[in-house]
Amino acid sequence: QQQVKQSPQSLIVQKGGISIINCAYENTAFDYFPWYQQFPGKGPALLIAIRPDVSEKKEGRFTISFNKSAKQFSLHIMDSQPGDSATYFCATTTSGTYKYIFGTGTRLKVLA
Amino acid sequence: EAGVTQSPTHLIKTRGQQVTLRCSPISGHTSVYWYQQALGLGLQFLLWYDEGEERNRGNFPPRFSGRQFPNYSSELNVNALELEDSALYLCASSLGTGSSTDTQYFGPGTRLTVL
């Protein structure tokens, strides 16, 4: 079965620090890698996404690094803030399947 | 612009009962997706509807079913509820372009508790 393995399960970071969440996938047919952010009581919201033809994408304090040969991608949150405290999910999909496969989530807590 | 809306917010049922959850997509979106988010687990794909048709379903038993209406809203029905059906049920919608970059936008979910 297609899987996406996400780590760590939980993460505690000091304010101003860097938060790093990693995901590994198996199927080389995956061609879109979004990250979602979910606050308690809310649905997941798209944070940032990358296609496999680029190795890095940055949007503000959020950066995705993509390693196609290792079949891994990671989310980096620079200058982490208490407002970033949420659960983060990586996901992946293949054109035409319409089915997102999600990682199990990382609960991030940023200490003030 | 209104986002994806879901109703009800919370629901408590007993084993063996049936439940219907509702979802209204973002205006202009034709694809609707249903996911189950059980405690401690990631989002598990349940169903995908587009243009009124079920296009794909995940590894869930047939007692999970649904439909999409002409206005693209959708219902998820769960029959013969079991304790392990307790979860947050999330609905998402997208433009339905067929591209992998066709972003899915999620609603706030319906929290189902089965006693």
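So, how was this worked out
Residues numbered from 1 in each chain as written. Chains lettered and ligands numbered in written order. Predicted model: local features only at pLDDT ≥ 70, side-chain atom pairs only at ≥ 80, totals over all residues. Heavy atoms only, no water. Contact = heavy atoms within 4.5 Å. Buried area = accessible area lost by both parts, 1.4 Å probe. Polar contact = N/O pair within 3.5 Å; in protein donor to acceptor, adjacent residues only side chain to side chain. Nonpolar A, V, L, I, M, F, W, Y, C, P; charged D, E, K, R; others polar. Pairing = 2+ DSSP bridges. Helix = DSSP H or I, 4+ residues; strand = E, 2+ residues; numbered from the N terminus. Axes fitted to C-alpha atoms, helices over the stretch in contact; angles between N-to-C directions. Buried < 20%, exposed > 50% of the residue type's maximum accessible area, 1.4 Å probe, protein only.

Engineer: How do you make sense of the interface of chain A and chain B when you look at a structure like this?
Structural biologist: For an interface, size is often stated in terms of accessible area lost upon the parts coming together. If you look at the interface, chain A gives 23 residues, while chain B gives 25 residues. A per-residue breakdown of the area chain A buries against chain B is headed by Tyr98, Tyr100 and Phe102 of chain A, which together make up 36% of the total. For the interface between chain A and chain B, the tally reads three residue pairs in polar contact (both at pLDDT 80 or more). Among the residues forming the side of chain A that touches chain B, the class breakdown is eight nonpolar, 11 polar and four charged.

Engineer: What is the right way to read the sheet that holds strand 8 (residues 74-78) of chain B from this model?
Structural biologist: One key point about sheets: their strands pair by backbone hydrogen bonds, in either a parallel or an antiparallel sense. Residues and elements named next belong to chain B. Pairing within the open sheet is antiparallel, and its four strands lie in the order 1-3-8-7. Each edge of the open sheet carries a strand with a single partner, namely strand 1 (5-7) and strand 7 (64-68). The sheet shows a mean angle of 20 degrees between the axes of neighbouring strands, taken without regard to direction. Here strand 3 (residues 19-24) runs beside strand 8; their pairing, made up of five bridges, is antiparallel. By the bridge assignment, Val19 is partnered in strand 8 with Val78.

Engineer: Got a minute to help me understand the pairing of strand 1 (residues 4-7) of chain A in this structure?
Structural biologist: It is a general feature of regular strands that their side chains alternate between the two faces of the sheet. All names here are of chain A. Along strand 1, the buried face is formed by Val4 and Gln6; none of Lys5 and Ser7, which line the opposite face, is buried. Direction of pairing for strand 1 relative to strand 3 (residues 19-25): antiparallel, over a ladder of four bridges. Its bridge partner being in strand 3, Gln6 is matched across the sheet by Cys23.

Engineer: Sorry, what's going on with the sheet that holds strand 3 of chain A here?
Structural biologist: Residues and elements named next belong to chain A. Taken in spatial order, the five strands line up as 1-3-8-7-6 in an open sheet, and their pairing is antiparallel. Of all the strands in the sheet, just strand 1 and strand 6 (56-59) have a single pairing partner and so form its edges. Direction aside, the axes of adjacent strands within the sheet are offset by 15 degrees on average. The sheet contact formed by strand 7 (residues 62-67) and strand 8 (residues 72-77) spans six bridges and is antiparallel.

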